[in-house]
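# A closer look at the structure
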Amino acid sequence: MYILVCPCILDPGLRARGITTPRDLESFSRALDRCRRFGLEIVPLPCPETNYLGRDREPATFLDRLDTPEFEALLDSMEKGTREVIRERGPPFGILGVNSSPTCGVDTTYHGPGTAGSRGKKPERGVFLSRFPEIPAIDVQVFARYRIYLAAPLFSEAERDFNRKLSGILASRFFEVYLPQETGDDSCSRGLESHREIYRSHVEALRSVDAVIAVVDGADADSGTAWEMGYASARGIPVFALRTDFRMAGRCEHVNLMLEQSATVAGSIGELLSALDMPGALRPRKYSAAGHETAP
């Protein structure tokens, strides 16, 4: 399995002068670490902007300096070369892009000029990545966040089996999962010191992850899961709640109001994966005056 990677993630010096921040560099490094950790082969894409404008260049939008027949011909050539790689290797896992790039943006691009306050941003792929609409693309800032804490009830065999299944699906998508039931949190015969050690282990894990996934099926959310969601939310850690249960907790709530409002709620594993790969992919749930969910 391989992933197509925009080359500035491998060599930030390819980016326009002055735009790379320490956060960018950390995200680039962590995204590449994720690829190496899971054996995901890195295949670099060509860099249209560097090829056309050179390495040492000022930042510019697409309309500023790239909207030319010569650049269009360069994109044609680079697309042809990339598609040859895909024909030889087979379909990639996806494309790792850099949002806001005029050429390699995933869901935002500096097209320019824009209205006041927009700085020329458009909600679409950059002009090079837009040539591969059939290949999933993910922004490097999102891909760099791959350490998951799986908060869920674990008191029955059915619950533990579901947790293992979900953990396996996440691992197949190259997420590193902390699963509490694997740390000994599955017995009612523990002593007090074991309780303390389990608590310390879970809290330490919560402090080091990039996101929490919480299974909130049932008439009410499991109390331990609810605590873990609240702790993560208070620390600014994104929380994704998986609720496959069709029952409502209230007229406009699928689960407890405080939990639902502090998390991105997914109704299926497929929705959950979409939300993890592209935050914002899940639209807010809408309700009629009678409290019934309506189509977005």
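Residues numbered from 1 in each chain as written. Predicted model: local features only at pLDDT ≥ 70, side-chain atom pairs only at ≥ 80, totals over all residues. Heavy atoms only, no water.

## What about the side chain of Gln 181?
Summarising the element assignment, Gln 181 is placed in the loop between strand S8 (176-178) and helix H8 (192-208). Note on Gln 181: relative accessible area 7%, which makes it buried. Of note is the side chain of Gln 181, whose polar atom sits 3.2 Å from the backbone oxygen of Arg 160. A polar contact of 2.9 Å, which involves the side chain of Gln 181, links it to the side chain of Asn 163. (Helix = DSSP H or I, 4+ residues; strand = E, 2+ residues; numbered from the N terminus. Buried < 20%, exposed > 50% of the residue type's maximum accessible area, 1.4 Å probe, protein only. Polar contact = N/O pair within 3.5 Å; in protein donor to acceptor, adjacent residues only side chain to side chain.)

## Examining the sheet that holds S8
In space, the five strands of this open sheet follow the order S8-S7-S9-S10-S11, with parallel pairing throughout. Looking along the sheet, the strands with just one partner apiece sit at the ends: S8 and strand S11 (264-266). Taken pair by pair, the neighbouring strands of this sheet meet at an average axis angle of 25°, ignoring direction. Direction of pairing for strand S9 (residues 211-215) relative to strand S10 (residues 239-242): parallel, over a ladder of four bridges. (Pairing = 2+ DSSP bridges. Axes fitted to C-alpha atoms, helices over the stretch in contact; angles between N-to-C directions.)

## Points about the environment of Asp 210
Within the fold, Asp 210 resides in the loop between H8 and S9. Given a relative accessible area of 9%, Asp 210 falls into the buried group. Separated by 65 residues in sequence, Asp 210 and Arg 145 place their C-alpha atoms 5.3 Å apart. Among residues more than four places away in sequence, those in contact with Asp 210 are Arg 30, Ala 144, Arg 145, Tyr 146, Arg 147, Ile 237 and Pro 238. Within the local environment of Asp 210, its side chain forms a polar contact with the side chain of Arg 30, the two groups lying 2.7 Å apart. A distance of 3.0 Å separates a polar atom in the side chain of Asp 210 from the backbone nitrogen of Tyr 146. (Contact = heavy atoms within 4.5 Å.)

## Re the packing of H8 against helix H9 (residues 223-234)
Interhelical geometry of H8 versus H9 gives an angle of 40° and a closest axis separation of 10 Å. Taken together, the axes of H8 and H9 lie oblique to each other. The chirality of how H8 crosses H9 is right-handed. Seen from H8, the contacting residues are Tyr 199, His 202, Val 203, Leu 206 and Arg 207; seen from H9, they are Trp 227, Glu 228 and Tyr 231. (Parallel < 35°, antiparallel > 145°, perpendicular 65-115°, else oblique. Left-handed = near helix turned anticlockwise from the far one by under 90°.)

## A look at the pattern of salt bridges
Scanning the entire structure with this criterion turns up 19 salt bridges. Put simply, Arg 17 and Glu 58 hold a salt bridge, and the shortest N to O gap is 2.2 Å. Of the two residues, Arg 17 sits in the loop between helix H1 (7-10) and helix H2 (22-37) while Glu 58 sits in the loop between helix H3 (48-53) and helix H4 (62-65), which places them 41 residues apart along the sequence. Given a relative accessible area of 38%, Arg 17 falls into the partly exposed group. One salt-bridge network, held together by shared partners, links Glu 72, Asp 76, Glu 79, Arg 83, Arg 131 and Glu 134. (Salt bridge = Lys/Arg side-chain N within 4 Å of Asp/Glu carboxyl O.)

## Points about the packing of helix H7 (residues 157-172) against helix H11 (residues 269-277)
Interhelical geometry of H7 versus H11 gives an angle of 40° and a closest axis separation of 12 Å. When the axis of H7 is compared with that of H11, the two are oblique. The handedness of the crossing between H7 and H11 is right-handed. Listed contacts from H11 to Phe 162, Lys 165, Leu 166, Ile 169 and Leu 170 of H7 are Ile 269, Leu 272, Leu 273 and Leu 276. In terms of residue class, the contact of H7 with H11 is built from eight nonpolar, no polar and one charged. (Nonpolar A, V, L, I, M, F, W, Y, C, P; charged D, E, K, R; others polar.)

## Quick word on the state of the cysteines
Applying the stated criterion across every chain, the model contains zero disulfides. The thiol of Cys 47 is unpaired, and the distance to the nearest cysteine sulfur, on Cys 8, comes to 6.4 Å. (Disulfide = S-S within 2.5 Å.)

## Description of the pairing of strand S1 (residues 2-5)
Across the two faces of S1 the burial is the same, with Tyr 2 and Leu 4 and Ile 3 and Val 5 all buried. Of the strand pairs in this sheet, S1 and strand S2 (residues 41-44) are connected by four bridges, and their pairing is parallel. Bridge assignment links Leu 4 to a residue of S2, and that residue is Val 43.

Limitation: the analysis is restricted to geometry and does not speak to function.
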